[in-house]
Amino acid sequence: MLKRTVARVLIALMLLVSAGCAKEPASTAPTEPPASEAVEQTPAPTGNNAPRLIGFVIADDGAIGSYMAMYGFLHTAEILGYPAKLYRASGGEAAKNAVSEAVADGCKGLLVLNPNGVNDEAVRLAAQSGIHVIVPYDACGVEGIDANIVADTSEYVEEVARGLSVRMTERGLKSGRILVYGNDTSAVYASFVEDIQAYYPQFGVTSFDRAAADDEAAIDELARFLLYNRDIKGMYVADSNLASIAVKARARAKSIFESSGTPSPTPSPSLDPNVTPSPTPNPALLKSITITVFASGLSDENYALFNGSDIYALCIEPYYEAVAQSTMTLDKLLHGDTVPAVSRVNRPIAYADTIDKYLAIQQQVKDLFGLS
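Bear in mind the structure is a predicted one, so any value in this text is a computation, not a measurement. (Residues numbered from 1 in each chain as written. Predicted model: local features only at pLDDT ≥ 70, side-chain atom pairs only at ≥ 80, totals over all residues. Heavy atoms only, no water.)

Enquirer: I'm lost on the pattern of salt bridges in this one. Help?
Expert: In a structure, side chains of opposite charge can pair up when their charged atoms sit close to one another. Overall, the coordinates contain 12 salt bridges when judged by the stated rule. One salt bridge connects E158 with R162, and the closest N-O pair in it is separated by 3.2 Å. Separated by 4 residues within a single helix, E158 and R162 lie in helix α5 (residues 155-170), roughly one turn from each other. Owing to a relative accessible area of 23%, E158 belongs among the partly exposed residues under this scheme. Residue R162 is classed as partly exposed on the basis of its relative accessible area, which comes to 35%. One salt bridge connects E216 with R252, and the closest N-O pair in it is separated by 2.7 Å. Within this pair, whereas E216 is found in helix α7 (residues 215-228), its partner R252 is found in helix α8 (residues 243-260), the two being separated by 36 residues in sequence. The class for E216 is partly exposed, based on a relative accessible area of 41%. (Salt bridge = Lys/Arg side-chain N within 4 Å of Asp/Glu carboxyl O. Helix = DSSP H or I, 4+ residues; strand = E, 2+ residues; numbered from the N terminus. Buried < 20%, exposed > 50% of the residue type's maximum accessible area, 1.4 Å probe, protein only.)

Have a look at this one:
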């Protein structure tokens with residue numbers, strides 16, 4: 001059990017950092033208990049004054065984001081004085097079975113993680129069981145739930161776009177483009193274009209989707225793109241597992257350009273087949289490859305890149321914050337208070353002066369779950 005002093009410090013920390021930016025990379029997970037096993041974080045007092053049991057249905061998939069979510073639940077439940085159980089179950093029928101078990105255990109409130117709607121039926125079953133139900137993190141359209149605490153998917157793109165533009169301005173750039181890079185950049189790209197046009201119209205936006213399956217080939221294809229589009233001066237890496245690809249591609253493109261220039265024949269800058277056409281860039285922008293990178297996800301690998309100054313900022317998915325807020329919302333419901341049907345949690349952007357706050361929480365997660 002976590003000591004209450006540490007817990008109080010970290011819950012205050014969570015409240016301080018819940019302002020601000022697609023699955024976290026997998027970490028080595030401890031041996032997973034059976035799907036039906038419930039892990040209790042606090043002892044369950046008995047008698048008339050005993051707090052009511054609450055539960056959380058979640059897949060223990062080995063991803064750091066999942067452990068952040070579990071910790072957000074257990075940690076907040078302890079602070080609030082609730083006996084709390086994790087029901088680790090994969091999606092679909094296993095999640096429904098976990099809900100049934102939670103109801104049989106006497107849970108008065110239940111959180112059910114429902115990524116991409118895979119647990120709609122489990123959520124529906126919980127809502128029909130006469131207990132309070134909250135879905136954290138992902139938007140959920142199932143009727144009958146008490147609340148949906150959603151990780152923001154709109155304002156964070158604007159924050160990233162503006163953050164990159166501010167950094168490019170600090171570097172003295174009056175023009176140039178931002179590259180949105182990822183496995184599928186369509187939704188993020190559209191938002192970037194809109195936000196840059198609104199706030200920093202001197203800059204342009206383009207996108208590049210990874211096509212190569214092999215990492216080395218992915219580095220080569222992105223390096224070629226950057227080599228021929230040297231007016232790119234900022235990059236947002238939308239997928240957490242692609243940060244190292246982006247950093248290595250930038251270094252490779254820079255090395256090729258500084259040693260031998262662009263290969264012959266040389267396409268016109270910004271007219272590579274994979275790039276959105278744009279006006280001819282300022283020739284001064286083409287004399288070097290210098291790109292500020294914002295990446296996603298606070299993994300060990302990404303933090304190493306950040307700590308080595310290869311990445312300027314990290315956009316963090318708020319699994320901890322969303323589930324902690326969901327647990328606090330459940331507490332309000334159990335006390336008879338009304339709560340909004342939908343609430344949103346910001347995705348924070350970590351810079352050099354704020355990264356330690358998030359690392360502190362992540363370290364507590366590693367200690368609790370025995371992660372390497």
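Enquirer: I'm lost on the sheet that holds strand β9 (residues 232-237) in this one. Help?
Expert: One key point about sheets: their strands pair by backbone hydrogen bonds, in either a parallel or an antiparallel sense. Across the sheet, which stays open at both edges, the 6 strands sit in the order β8-β7-β9-β10-β11-β13 with mixed pairing between neighbours. Across the chains shown, the open sheet's two edge strands, defined by having one partner strand only, are β8 (204-209) and β13 (349-350). By the bridge criterion, 3 bridges tie strand β10 (residues 292-296) to strand β11 (residues 313-315) in an arrangement that is parallel. Residue S296 lies in a different strand from β11, and its bridge partner there is C315. Against the sheet, helix α9 (residues 300-307) engages β10, β11 and β13, with an angle of about 155° to β11. (Pairing = 2+ DSSP bridges. Contact = heavy atoms within 4.5 Å. Axes fitted to C-alpha atoms, helices over the stretch in contact; angles between N-to-C directions.)

Enquirer: I'm lost on α8 in this one. Help?
Expert: For α8, spanning 18 residues, the distance from its first C-alpha to its last is 26 Å, which sits close to the expected 26 Å at 1.5 Å a residue. All of the buried residues in α8 are A243, S244, I245, A246, V247, A249, R250, A253 and F257. Where α8 is buried, its residues meet β7 (177-182), α7, β9, β10 and α9. A positive backbone phi angle near 70° is found at G261, which sits one or two residues after α8. (Expected span 1.5 Å × (residues − 1).)

Enquirer: Got a minute to help me understand the packing of α5 against helix α6 (residues 186-199) in this structure?
Expert: Helix packing for two helices is described by the angle between their axes and how far apart those axes are. Contact pair α5 / α6: the axes reach a minimum separation of 9 Å and the direction vectors enclose 55°. In terms of orientation, α5 lies oblique with respect to α6. Of the two elements, α5 crosses α6, and the hand of that crossing is right-handed. Contact residues: α5 offers Y156, V157, E158, V160, A161, R162, L164 and S165, while α6 offers V188, S191, F192, D195, I196 and Y199. The residue inventory of the contact of α5 with α6, partitioned by class, reads 9 nonpolar, 2 polar and 3 charged. (Parallel < 35°, antiparallel > 145°, perpendicular 65-115°, else oblique. Left-handed = near helix turned anticlockwise from the far one by under 90°. Nonpolar A, V, L, I, M, F, W, Y, C, P; charged D, E, K, R; others polar.)

Enquirer: Looking at this structure, how should I read the pairing of strand β2 (residues 54-58)?
Expert: Along any regular strand the residues' side chains alternate between the sheet's two faces. In terms of residue burial, β2 counts as a mostly covered element, since 5 of its 5 residues are buried. Covered by surrounding structure in β2 are I54, F56 and I58 together with G55 and V57, the residues of both alternating faces. Relative to strand β3 (residues 84-88), β2 runs parallel, the two sharing 5 bridges. Note on β3: the bridge partner recorded for I54 is A84. Note on the crossover from β2 through helix α2 (residues 64-80) to β3: the handedness is right-handed. As paired elements, β2 and strand β4 (residues 109-112) share 4 bridges and run parallel to each other. Pairing of I54 across the sheet is with G109, part of β4. (Right-handed = clockwise from strand over helix to strand, strands pointing away.)

Treat this as a map of the structure, not an account of what it does.
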